[in-house]
Every structure is written in structure tokens, then in C-alpha cells.
Amino acid sequence: MQKRPNHTPSYRLAADIGGTFTDIVLVDDTTGEFRSTKVLTTPHLLTEGIMRGFDSILDGDYSHVTNIVHGTTAGLNAVIEKTGARCALVTTKGFRDVYEIGRGNRPEMYNCRYKKPKPLVPRKDIFEIGERIKADGTVLSPASEPELAQLAQKIRAGGYESVAICLLNSYVNPENERITADYLKAQLDPEVVVITSYETAPECREYERTSTTVLNAYIAPKTRNHLLALSAELHKRNFTGHLHIMQSSGGIMKAEVATTRAIQTLMSGPVGGAIGASAYNRKNFIGIDMGGTSFDVSMVVDGKIETTVESTVEGFPLLTPTVNISSIGAGGGSIAWNEAGGMRIGPRSAGARPGPACYGQGGTEPTITDANLALGRMDPENFLSGRMTLDIAAAEKALSDYGAQYGLDQYTAAEGICTIANHMMADAIREITVRRGIDPRDFTLLSFGGAGPMHACLIAEELDIGEVIVPLVPGAFSAWGMLQADVRHDSVRTLMRDTRKLTQVQLEGFFVDLRGELGDLLRMEGIASGAARFERSFDMRYLGQEYTITVPVPDDGDFLGEAVEAFHAAHMRLYGHASVNEGVELVNVRLAAGVAAKKTPLPALPCDAHGAPPVLKTAKGVFGGREWNLDIYHRDGMRPGHRLCGPAVVVELTSTTVVPPDWTCEIDENQSLVLKKARA
């Protein structure tokens with residue numbers, strides 16, 4: 001980005017670290033211009049890759065950077081691939097098995113081969129202490145110092161990287177949990193991260209609260225070490241702006257706050273794409289983000305990002321506000337393998353090192369990227385706009401060896417890998433649409449991530465979706481979306497009270513307490529609480545039910561009565577019935593604080609180009625077992641108004657878009673690729 005005469009730039013920078021690539025976006029707020037780049041992720045030291053990207057896009061000059069927003073799938077990938085920290089769990093005596101037993105429900109009741117996820121903390125790493133808090137918050141037995149001393153000695157001897165503390169009823173009174181945490185922090189090595197449930201998930205339901213706390217401790221050491229190293233590197237380069245981290249809720253927070261709240265960054269990579277999707281002029285979007293390791297699905301309904309206060313990650317419950325995202329281990333680097341004579345894809349990934357076989361870095365196992373390359377759906381000479389040449393011979397060798405197990409040549413094996421991957425990804429979309437009574441045909445598919453646009457049209461065919469949009473810089477779209485996010489913090493308090501026995505005065509008192517907690521977090525951000533907007537909500541259920549529905553709460557008027565009516569309406573919409581004469585229980589009171597950030601509008605250009613854009617080259621490609629002539633285009637040569645027909649491939653720096661046979665592609669005023677299936 002060249003500096004204009006008499007132009008003093010004001011830059012905002014975003015980085016999305018994936019399992020294979022790190023995506024960088026730079027925006028100049030004085031002109032609205034932005035640019036992007038993509039570098040290989042460095043798993044051994046994430047900071048190395050991100051700083052390489054920052055330095056290249058800034059030419060080493062950080063003097064005009066006011067804000068950096070950073071999101072990563074590193075935590076999510078650690079959970080998917082089970083490569084997180086060695087963690088100890090501390091709980092109340094007699095409750096050691098809560099985490100391992102979990103719940104007795106079967107999430108897939110018709111799957112005869114369903115297996116519960118293996119706990120992230122094995123039973124031998126769970127420790128008990130003889131404290132006890134009663135359900136009303138009364139301290140029945142305090143945490144004793146001799147017992148805590150023995151606990152600290154065991155944890156030191158075990159060589160743990162983190163400790164999760166989840167004591168019974170600590171969401172009502174955190175006193176014993178706070179004492180335990182303070183003691184361990186004083187006795188253990190400062191590098192050991194100590195995580196408490198009252199700070200992570202101060203809500204009822206012991207297993208879910210324990211699971212969330214363990215997840216936080218499992219990814220916290222990697223997150224903390226990365227943020228400290230990144231801050232140090234930025235300091236060396238005289239960066240004086242603010243470093244923010246993307247949250248799963250769709251907001252951002254300062255890096256200093258994120259070091260102990262790593263769980264809130266778990267879905268920070270794919271969430272950026274959902275934020276970006278909400279900037280488009282469409283009411284209903286299904287966003288798909290396919291990177292090197294994972295495939296993530298999000299939704300925008302009626303122009304609003306769909307969020308949830310409870311979710312699951314790889315089968316583990318998570319109690320934290322999260323953009324509603326479904327994730328599976330199917331990315332460009334996902335490895336194809338053999339299980340009992342059947343083809344399987346992922347979740348194990350080749351990552352950035354060694355990467356797919358075609359990267360020429362020593363990888364020998366076939367991946368989805370290798371399959372796409374062998375099928376002619378990638379241009380080996382124009383990967384990353386020519387910055388990296390792919391080794392097609394290595395890809396074909398890996399596929400040939402893999403296909404030989406099934407008596408298949410490399411091309412048939414490659415199509416099998418892509419077909420299985422497409423089925424898996426279509427099923428991930430069905431998880432958050434069809435299984436909830438939502439028809440995906442009413443949505444537009446927004447595809448981003450480095451590998452997403454290669455599969456988008458074929459996934460859309462599986463779901464009978466007629467329109468696919470590939471945004472500008474799709475491989476770095478999540479990073480661009482992060483620059484549209486607001487500062488946000490959430491707080492919650494469990495009540496579990498019959499609404500007929502509550503008054504609005506009592507509830508206002510709870511909101512005042514929550515506002516005070518959020519005010520402390522905002523001050524850590526350097527923001528006065530008066531600058532924030534607050535959103536109130538209740539988690540409600542009928543008396544006797546187990547699960548809740550979250551409903552918005554007005555700021556004034558008969559807000560309790562309106563919330564009850566909203567709950568009845570939501571129950572009817574979700575389940576087809578409502579019991580308006582039954583009592584309603586208010587389980588949790590929630591308050592979210594948000595502070596608006598600068599936004600970067602999408603470009604709006606006249607669609608004055610005509611016909612097809614210039615063809616870069618012609619190559620051979622395979623679709624449905626048939627060889628086709630493919631026109632290959634470079635996105636830099638495409639202008640609003642241009643139109644092309646498949647089969648074709650569009651290459652660019654951050655991604656590759658595949659236009660299958662019987663699909664068309666037009667460039668709209670936002671410089672997005674709009675792909676549509678030709679109807680018979």
C-alpha cells in the first residue's frame with residue numbers, strides 16, 4: 001500500500017492464525033483501502049509466522065498502526081487434534097468422577113458405534129480436596145492449608161502445565177476456589193497456568209462447568225505463551241497501539257485479559273468470518289470457513305449473527321457465549337487414511353510442517369489439497385499467486401500409494417477423497433440447519449478460507465443451495481471480519497428462581513452487580529463503562545425442564561413480563577408448543593457490554609465490465625470421472641460485471657475458487673464472485 005502525497009495513514013491490522021496458513025489484512029482508515037497477504041504458519045513458534053506476515057505487509061514500519069486484532073484456530077486445533085497442555089483437575093472430595101462420567105444422554109441415538117469423547121484429563125490427573133460449599137453458598141468446610149500443601153506437592157511432581165479448579169457450588173460462593181487458586185499460584189512455578197471455574201463459567205450444572213474449565217486450562221498455556229511472545233515482538237518494533245484478541249462471542253478483548261480467558265478465544269478464527277458475513281447485503285447466510293485443519297460453519301439469520309450460550313467442541317460441552325459454529329476436522333491439510341478397508345478423511349492434519357505432499361516439505365501422506373491438485377482444480381504454478389510452486393508429482397505419488405490399497409488409480413482415489421470430504425462438510429451444515437428445522441435452500445452459501453472456495457459449489461449441490469458467494473480476499477476474510485468486531489465482555493449470574501416469585505427490583509439489583517463486574521473488565525481495556533452499550537438477557541425454562549432458552553430483556557417497562565412472553569414464543573417456534581399456564585424458571589441472568597469499533601465498508605464499484613475476463617491459461621481437470629478443459633483466470637484481472645462459465649478455476653493470493661461444470665460466475669459491485677448453478 002503506497003502512501004499518497006500529503007496523506008498520513010492510520011492502519012489497523014488483523015491476523016488469523018490457522019493450522020496451515022497465517023492470514024494478514026491491513027486497512028488504512030483514512031482511505032478505506034486494504035490489502036492482504038498469506039504466510040505459512042510456524043507451529044513451533046506461532047509468533048514467527050505472524051511477524052513475518054506483519055513485517056512483509058508493513059515493510060517493517062509500525063509507526064502508523066493504531067490497533068491489531070488477532071484471532072487463531074490454534075486452541076481449536078489443539079482440541080481437535082488433542083495436542084493441548086498436560087492438565088491437572090482439582091475438585092471437591094467425592095466428585096472426582098464427575099468429569100469422566102459426564103452425562104448419560106446419547107447425542108447420536110441412532111449411531112450404534114457412537115463413543116463418548118475421551119476426557120482431556122485422565123482420571124489419574126484428577127485430585128480431590130476436602131472442602132465443601134453448600135448449595136446456598138454457605139461454607140461447610142474450608143480449604144485447609146495442610147491439604148493444599150500436599151496438593152501443590154503432587155502437582156509439582158506431576159509436571160503439569162496447567163491446573164483447572166472446579167469445586168462444588170463455587171458458582172454460588174467462590175471463596176474456597178479463590179483460596180485454592182491463590183495458594184497454588186504462590187506455590188507452583190509461574191509458568192503453570194491456574195484456571196478457576198468461577199472466573200471461567202460461573203453457572204450451575206457441574207459437568208458442563210467442569211468441562212468448560214478443563215477446556216480453558218487445556219489451551220491456556222499455548223495461548224498465554226503465544227500472546228506474551230507476540231507482545232514482546234511488537235514491542236521490539238516500537239508498536240504503541242492496542243493489541244486485541246478475537247473472542248468466540250464475536251467481540252474483541254485486550255491481550256492482557258485474554259491470557260487467563262483463553263476459552264473465550266477458542267472459536268476466534270472462524271468467528272471473524274461470521275462477523276464479516278454480516279456486512280453483506282443478504283438476510284440469510286451460511287458461512288463456511290475451510291482452512292488447513294478444520295471446516296467451520298456459521299449462520300447469519302435475518303442479518304444477525306446467530307449466537308448461543310452453550311455449545312460443544314469435539315463432544316465437550318462449553319459454557320461461554322459463542323457464535324453458533326459447527327466444526328469438524330476437514331481442512332485442506334486433512335490426511336486420508338484407511339480404516340478397516342474404508343476411506344477416511346481427518347481429523348489428523350499435515351499442518352504447515354510437513355504439510356501436504358505437494359508442498360515438497362517431506363510430507364508423504366495424501367491430503368485433500370493433494371487430491372484437488374491431482375484433479376486439476378489447483379494451478380501448481382499460481383498457488384499463493386506464484387509465491388509457492390506445488391509439486392504435483394509428489395501429490396500423485398501419495399495418492400497412487402493410497403489408492404493402491406483399494407485397487408484405484410491416483411485420480412479415482414483423489415475424487416473419492418474429495419467426495420467424502422464434501423459429504424462430511426455438507427453434513428456439518430445439516431447439523432445447524434436441517435436438524436433444527438431450517439431449510440438451507442433458503443440461504444446463500446458464503447465461502448471463505450484458503451480451501452473453502454474449492455469445495456463450495458460441490459457442497460452447495462449436495463444441499464441444493466443455488467447461490468455461492470466468494471468474497472474479496474477469501475483466504476483472509478476471517479482476518480478482515482475481525483476488523484469489524486466491537487469490544488465485548490459478558491457476565492452471568494445463576495438464580496434458578498420461579499419468575500412468579502421474583503420482582504423487577506430484585507432483578508435490577510443483579511444487573512447492577514453484573515454491570516460492576518463488566519465495568520472492571522472495561523477499565524482493563526481502558527474504556528469507561530459509560531461508553532459501553534449493555535445488552536440484557538435471561539436463560540429461562542419451564543419448571544421441571546433441564547435445558548434453557550435465552551431471550552433478550554428490555555431495558556425498561558415490564559421487562560420481566562415481556563421476557564416471559566418472549567420465552568413462550570421462542571419455545572413455540574423451536575419445539576412447536578408452549579405451556580403458557582405453566583411456571584417459568586429464570587435460571588441465569590446475563591449482561592453483555594459492547595463498545596463500537598471502527599468499521600471498514602465493502603467496496604461499491606460500478607459493474608461496467610462485459611463478457612469474460614482474460615484467460616490466464618488452459619489446463620485439464622477432472623469432474624465426475626471425466627476429463628474437462630479448464631479455463632484458469634487470475635482474480636486480479638476480473639472486474640465487476642465480468643461473467644464466466646464452468647468448468648473453470650480462479651486463482652489469487654489467498655485462495656483458489658473452483659467453478660464446476662454447469663455453474664456460472666459473475667463479479668458483483670463488491671468485487672465478490674457470485675456463483676450460481678444453471679437450472680435444468
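Note that the structure is a prediction, hence the values are computed from the model and not measured. (Residues numbered from 1 in each chain as written. Predicted model: local features only at pLDDT ≥ 70, side-chain atom pairs only at ≥ 80, totals over all residues. Heavy atoms only, no water.)

**Some thoughts on the overall build of the protein chain**
No. 1: Across its full length, the protein chain holds 16 helices and 35 strands.
No. 2: A compact globule built from 680 residues should have a C-alpha radius of gyration of about 26 Å, and the protein chain, at 26 Å, falls within 12% of that.
No. 3: If one aligns the C-alpha atoms of the protein chain with their principal axes, the spans along those axes are about 75 × 60 × 55 Å.
No. 4: Out of the 680 residues belonging to the protein chain, those deemed buried represent 56%.
No. 5: Restricting the contact set of the protein chain to residue pairs at least 6 apart, pairs at least 24 apart contribute 68%.
No. 6: As displayed, the protein chain offers around 27,800 Å² of accessible surface, 50% of which is attributable to carbon and sulfur atoms. (Helix = DSSP H or I, 4+ residues; strand = E, 2+ residues; numbered from the N terminus. Rg over C-alpha atoms; globule rule 2.2 N^0.38 Å. Buried < 20%, exposed > 50% of the residue type's maximum accessible area, 1.4 Å probe, protein only. Contact = heavy atoms within 4.5 Å. Areas by Shrake-Rupley, 256 points an atom, 1.4 Å probe, with all protein chains shown as cover.)

**Observations regarding the domain arrangement of the protein chain**
No. 1: By the assigned domains, the protein chain splits into domain 1 (11-78 + 225-265), domain 2 (83-219) and domain 3 (487-595).
No. 2: Surface buried jointly by domain 2 and domain 3 totals about 600 Å² across both partners, of which 49% is contributed by carbon and sulfur atoms.
No. 3: Counting every contact that joins domain 2 to domain 3 gives 2 salt bridges.
No. 4: For the salt bridge of Glu-203 with Arg-590, the shortest nitrogen-to-oxygen distance reads 3.1 Å.
No. 5: The tally of links between domain 2 and domain 3 comes to 3 residue pairs in polar contact (both at pLDDT 80 or more). (Domains from an automatic or database assignment. Buried area = accessible area lost by both parts, 1.4 Å probe. Salt bridge = Lys/Arg side-chain N within 4 Å of Asp/Glu carboxyl O. Polar contact = N/O pair within 3.5 Å; in protein donor to acceptor, adjacent residues only side chain to side chain.)

**Quick notes on the packing of aromatic side chains**
No. 1: Following the criterion strictly, the structure yields 14 aromatic pairs and no others.
No. 2: Ring geometry for Phe-477 versus Trp-480: centroids 5.7 Å apart, planes at 20°, classification stacked. One end of the pair, Phe-477, and the other, Trp-480, are both in helix α14 (residues 477-482), 3 residues apart, so they sit about a helical turn from each other. Each member of the pair, Phe-477 together with Trp-480, is buried.
No. 3: Here Phe-511 and Phe-538 contribute two aromatic rings whose centre-to-centre distance is 5.9 Å and whose plane-to-plane angle is 20°, an arrangement assigned as stacked. On the criterion of sequence distance, the pair formed by Phe-511 in helix α15 (residues 504-524) and Phe-538 in strand β26 (residues 533-542) is long-range, its members being 27 residues apart. Pair check on accessibility: Phe-511 and Phe-538 agree, each one buried.
No. 4: In this structure an aromatic cluster arises from ring pairing among Phe-34, Tyr-280, Phe-285, Phe-448, Phe-477 and Trp-480.
No. 5: Looking at Arg-536, its charged tip hangs above the ring of Phe-559, at a distance of 4.7 Å from the centre. (Phe/Tyr/Trp six-rings, centres within 6.5 Å; stacked < 30°, edge-to-face > 60°. Lys NZ or Arg CZ within 6 Å of the ring centre and 35° of its normal.)

**What to know about the side chain of Lys-38**
No. 1: Among the secondary structure elements, Lys-38 is positioned in strand β3 (residues 34-40).
No. 2: In this structure the side chain of Lys-38 is engaged in a polar contact, spanning 3.4 Å, whose partner is the backbone oxygen of Thr-654.
No. 3: Setting aside anything within four residues of it in sequence, one finds Lys-38 in contact with Phe-21, Thr-22, Asp-23, Leu-384, Arg-387, Gly-450, Gly-475, Leu-653 and Thr-654.

**Here's the deal with the pairing of strand β21 (residues 334-339)**
No. 1: The pairing of β21 with strand β22 (residues 342-349) spans 5 bridges and is antiparallel. Residue Ser-334 lies in a different strand from β22, and its bridge partner there is Ser-349.
No. 2: Connecting the antiparallel pair β21 and β22 is a turn made up of 2 residues, with Ala-340 showing a positive phi of about 55°. (Pairing = 2+ DSSP bridges.)

**Re the sheet that holds strand β10 (residues 193-196)**
No. 1: Strand order in the open sheet formed by 4 strands is β6-β5-β9-β10, and the pairing between neighbours is parallel. Each edge of the open sheet is held by one strand with a lone partner, namely β6 (126-129) and β10. This sheet shows a mean twist of 20° between the axes of neighbouring strands, independent of strand direction.
No. 2: Direction of pairing for strand β9 (residues 162-166) relative to β10: parallel, over a ladder of 4 bridges. Looking at the pairing, Ser-162 lines up with Val-193 of β10.
No. 3: On top of the sheet, helix α4 (residues 145-158) reaches β5 (87-92), β6 and β9; it is set at about 170° to β6, its chief contact.
No. 4: Of the strands in this sheet, β6, β9 and β10 touch helix α5 (residues 175-187), which is tilted by about 165° from β9. (Axes fitted to C-alpha atoms, helices over the stretch in contact; angles between N-to-C directions.)

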